[in-house]
Amino acid sequence: MAKAKTFKAKQLFTIGYEQTPAKAVLDELQQTGVKLLVDVRAVASSRRPGFSKNQLASGLDDRGIAYLHLRGLGTPKDGREAARSGDIKTLTRIYQAHLKTPQAREEMDELATLIRTTGPICILCYERDHRHCHRTFIAEIIREREGVAIENLSAPVM
């Protein structure tokens, strides 16, 4: 069994699963020492095996990692369409407006509380490159609010 990577007490990880098998993502989370995976997809279903909500939660549970879906931090449909077309400027505008909604604010507060009270946390979304994903906005807000370090994980493509 691989030795868990070291981590800072106040650290937030992010990961995207695009082009990556479930086993590789789960291995990366386990090796990093993640204790809670927070799914920030608006729709927690996937055509990729192992990444639909129930399959993902089961695979994580087998490795001793808890799962939480915070749907309110997901990107609205028009933002997902902008992301698919590569329009990061529109995605940014849409997602920044979305973050002001009551559900998004409440779930951001919940995530901030979890950062303070739970072991290493990783937020997950589809996009492999964190620079093109809404999870970067979430991570930056949490970094500013909680003073955490951010590490963007990348599981190997197989």
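Heads up: the structure comes first, above all this text.
Just so we're clear, the structure is a prediction, and the values are computed from it rather than from any experiment.

Visitor: Sorry, what's going on with the layout of surface pockets here?
Guide: Picture a little ball the size of a water molecule; that probe, rolled over the atoms, points out where space is still empty. In this structure, the largest pocket spans a volume of roughly 630 Å³. Surrounding the largest pocket, 20 residues form its lining, Tyr17, Arg80, Arg84, Tyr126 and Glu127 being those nearest its centre. Top element by residues in the lining of the largest pocket is helix 3 (residues 77-84). It accounts for four residues.

Visitor: I keep staring at the nonpolar core and nothing clicks. Help me out?
Guide: As a rule of thumb, nonpolar side chains are buried together in soluble globular proteins. Grouped together as the largest cluster of nonpolar side chains are 22 residues, with contacts concentrated most on Leu73, Leu111, Ile138 and Ile142. Residue assignment for this core shows that the elements contributing at least two residues are strand 2 (36-39), helix 5 (102-117), strand 4 (121-125) and helix 6 (135-146). For Ile138, the contacting residues outside a window of four places in its chain are Val40, Leu73, Tyr95, Met108, Leu111 and Ile123. Residues Ala22, Leu29, Leu37 and Ala155 belong to the second largest nonpolar core, which totals 20 residues.

Visitor: So what exactly am I meant to see when it comes to the packing of helix 5 against helix 6 here?
Guide: The description of two helices packed together rests on the angle between their axes and the distance between the axes. It is the contact of helix 5 with helix 6, at a shortest axis distance of 10 Å, that shows an interaxial angle of 55 degrees. Taken together, helix 5 and helix 6 sit at an angle that is classed as oblique. Relative to helix 6, helix 5 is oriented so that their crossing is right-handed. Together, Met108, Asp109, Leu111, Ala112, Ile115 and Arg116 of helix 5 and Ile138, Ile141, Ile142, Arg145 and Glu146 of helix 6 make up the contact between the two elements.

Visitor: How should the packing of helix 3 against helix 4 (residues 88-98) be read in this particular structure?
Guide: It is the contact of helix 3 with helix 4, at a shortest axis distance of 8 Å, that shows an interaxial angle of 160 degrees. The pairing of helix 3 with helix 4 is recorded here as roughly antiparallel in orientation. Here helix 3 runs over helix 4; the crossing is left-handed. Seen from helix 3, the contacting residues are Asp78, Gly79, Ala82 and Ala83; seen from helix 4, they are Thr90, Leu91 and Ile94.

Visitor: What exactly am I supposed to notice about the packing of aromatic side chains here?
Guide: Each aromatic ring pair is summarised here by two numbers: the centre-to-centre distance and the angle between the ring planes. One pass over the full model with this rule turns up three aromatic pairs. Considering the side-chain rings of Tyr17 and Phe51, the 4.0 Å spacing of their centres and the 10 degrees angle between planes classify their relative orientation as stacked. Taken together, the positions of Tyr17 in the loop between strand 1 (11-16) and helix 1 (22-32) and Phe51 in the loop between strand 2 and helix 2 (53-61) put the pair 34 residues apart, joining distant regions of the chain. Owing to a relative accessible area of 2%, Tyr17 belongs among the buried residues under this scheme. Plain terms: the ring middles of Tyr95 and Phe137 are 5.8 Å apart, the flat faces sit at 25 degrees to each other, and that makes the pair stacked. You can see Tyr95 sitting in helix 4 and its partner Phe137 sitting in helix 6, a full 42 residues away along the chain. Feature note: the residues Tyr17, Phe51 and Tyr126 constitute an aromatic cluster, connected by ring pairs.

Visitor: So what exactly am I meant to see when it comes to unusual backbone geometry here?
Guide: When glycine is set aside, most residues are seen to have a negative phi, and most peptide bonds are trans. In this model, Gln19 sits at a positive phi of 65 degrees, which is unusual for a non-glycine residue. Considering the arrangement of structural elements, one finds Gln19 in the loop between strand 1 and helix 1. Look at Gln19 and you get partly exposed, because its relative accessible area is 49%.

Visitor: It is not clear to me how the pairing of strand 3 (residues 66-69) should be interpreted in this structure. Could you clarify?
Guide: Covered by surrounding structure in strand 3 are Tyr67 and His69 only, the residues Ala66 and Leu68 on the alternate face being uncovered. Two elements, strand 2 and strand 3, share four bridges in a ladder whose sense is parallel. Bridge pairing links Asp39 to His69 in strand 3. In this fold, the crossover linking strand 2 to strand 3 by way of helix 2 has right-handed handedness.

The rules behind the values
- Residues numbered from 1 in each chain as written.
- Predicted model: local features only at pLDDT ≥ 70, side-chain atom pairs only at ≥ 80, totals over all residues.
- Heavy atoms only, no water.
- 1 Å grid on protein atoms, 1.4 Å probe; cavity = no way out; pocket = protein on both sides within 12 Å on 5 of 7 lines; lining within 4 Å.
- Points joined across faces, edges and corners; volume = space filled by probe spheres on them.
- Helix = DSSP H or I, 4+ residues; strand = E, 2+ residues; numbered from the N terminus.
- Core = buried A, V, L, I, M, F, W, Y, C linked by side-chain atoms within 4.5 Å.
- Buried < 20%, exposed > 50% of the residue type's maximum accessible area, 1.4 Å probe, protein only.
- Contact = heavy atoms within 4.5 Å.
- Axes fitted to C-alpha atoms, helices over the stretch in contact; angles between N-to-C directions.
- Parallel < 35°, antiparallel > 145°, perpendicular 65-115°, else oblique.
- Left-handed = near helix turned anticlockwise from the far one by under 90°.
- Phe/Tyr/Trp six-rings, centres within 6.5 Å; stacked < 30°, edge-to-face > 60°.
- Pairing = 2+ DSSP bridges.
- Right-handed = clockwise from strand over helix to strand, strands pointing away.

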